[in-house]
Amino acid sequence: QVQLVESGGGLVQPGGSLRLSCAASRNIFSIYAMGWYRQAPGKLRELVAAIASGGSTNYTDSVKGRFTISRDNAKNTVYLQMNSLKPEDTAVYYCNAVIHRFGQTRPADYWGPGTQVTVSS
């Protein structure tokens, strides 16, 4: 089974920065899109940023100019650099990847367990 392991969450003051990482492992033939979602208490999970295998990116409007998504294909890893953090960025952040495993006939969607990001003074 594919495993997504997230790291980098924590508590930060408003205006601060955090960098999230998510590494995919086990039985991977190819990774297509990778992305980060977040879910705040009482709200639906929303897409924060996504990056295609070729490097094209898209962001939700509220994070444009503050967050940057990137990936290292050699390491099967996606990153989310978060700058100028605001209290409204507080949420559990989930890594997502579309992965084609060895032995499968088609790619499938995988999720990490989530990492908490809290922005508070």
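Above: the structure in question.
This one's a predicted model, so the numbers in the text were calculated from it and none came from an experiment. (Residues numbered from 1 in each chain as written. Predicted model: local features only at pLDDT ≥ 70, side-chain atom pairs only at ≥ 80, totals over all residues. Heavy atoms only, no water.)

A.B. asks: Mind laying out the state of the cysteines, listing which residues take part and the relevant values?
C.D. replies: Tallied over the full model, the rule gives 1 disulfide. Note that Cys22 is cross-linked by a disulfide to Cys95, the S-S spacing being 2.1 Å. Handedness here is read from the sign of the S-S torsion; for Cys22 and Cys95, about -80 degrees, the answer is left-handed. With Cys22 in strand S3 (residues 18-25) and Cys95 in strand S9 (residues 91-101), this pair connects stretches of sequence that are 73 residues apart. On the basis of relative accessibility, which here comes to 0%, the residue Cys22 falls in the buried class. Relative accessible area serves as the criterion here: at 0%, Cys95 is assigned to the buried category. (Disulfide = S-S within 2.5 Å. Helix = DSSP H or I, 4+ residues; strand = E, 2+ residues; numbered from the N terminus. Buried < 20%, exposed > 50% of the residue type's maximum accessible area, 1.4 Å probe, protein only.)

A.B. asks: Tell me about the pairing of strand S5 (residues 46-51), and please be specific about residues and values.
C.D. replies: Summarising the sheet, strand S4 (residues 28-39) and S5 pair through 5 bridges and their orientation is antiparallel. Looking at S5, one finds that Arg38 is bridged to Glu46. Hairpin connection from S4 to S5: 6 residues lie between these consecutive antiparallel strands, with Gly42 at a positive phi of about 80 degrees. In this structure, S5 lies alongside strand S6 (residues 57-59), joined through 3 bridges in antiparallel fashion. Bridge assignment links Ala50 to a residue of S6, and that residue is Asn58. Linking S5 back to S6 in an antiparallel pair, the connection comprises 5 residues, with Gly55 at a positive phi of about 105 degrees. (Pairing = 2+ DSSP bridges.)

A.B. asks: Give a description of the environment of Ala24 that names residues and reports values.
C.D. replies: When you line up the elements, Ala24 lands in strand S3. C-alpha of Ala24 to C-alpha of Ala91: the two residues are 67 residues apart in sequence and 22 Å apart in space. Setting aside residues no more than four positions away along its own chain, Ala24 makes contact with Gln3, Leu4, Ile31, Asn76 and Ile99. (Contact = heavy atoms within 4.5 Å.)

A.B. asks: Can you tell me about the packing of aromatic side chains, naming the residues and giving the values?
C.D. replies: Within this structure, the stated rule accounts for 2 aromatic pairs. Geometrically, the ring pair formed by Phe29 and Phe102 is edge-to-face, given 5.4 Å between the ring centres and 70 degrees between the ring planes. Taken together, the residues span a long stretch of sequence, with Phe29 in strand S4 and Phe102 in the loop between S9 and strand S10 (108-111) at a distance of 73 residues. Since its relative accessible area comes to 51%, Phe29 is described here as exposed. Look at Phe102 and you get partly exposed, because its relative accessible area is 47%. Just above the ring of Tyr79 sits the side chain of Arg19; from NZ or CZ to the centre is 4.1 Å. The ring centre of Trp111 lies 4.8 Å from the NZ or CZ of Arg45, which sits over that ring. (Phe/Tyr/Trp six-rings, centres within 6.5 Å; stacked < 30°, edge-to-face > 60°. Lys NZ or Arg CZ within 6 Å of the ring centre and 35° of its normal.)

A.B. asks: Could you give me a rundown of the sheet that holds strand S7 (residues 67-72), with the residues and numbers involved?
C.D. replies: In any sheet, the strands associate via hydrogen bonds between backbone groups, in a parallel or an antiparallel arrangement. Spatial strand order, S1-S3-S8-S7: 4 strands in an open sheet with antiparallel pairing. Every interior strand has two partners, whereas the edge strands, strand S1 (3-7) and S7, have only one. Looking at each pair of strands side by side, their axes are set apart by 15 degrees on average, direction ignored. Note: S3 against strand S8 (residues 77-82), 6 bridges, orientation antiparallel. Residue pairing for S8: Leu20 is matched across the bridge by Leu80. (Axes fitted to C-alpha atoms, helices over the stretch in contact; angles between N-to-C directions.)

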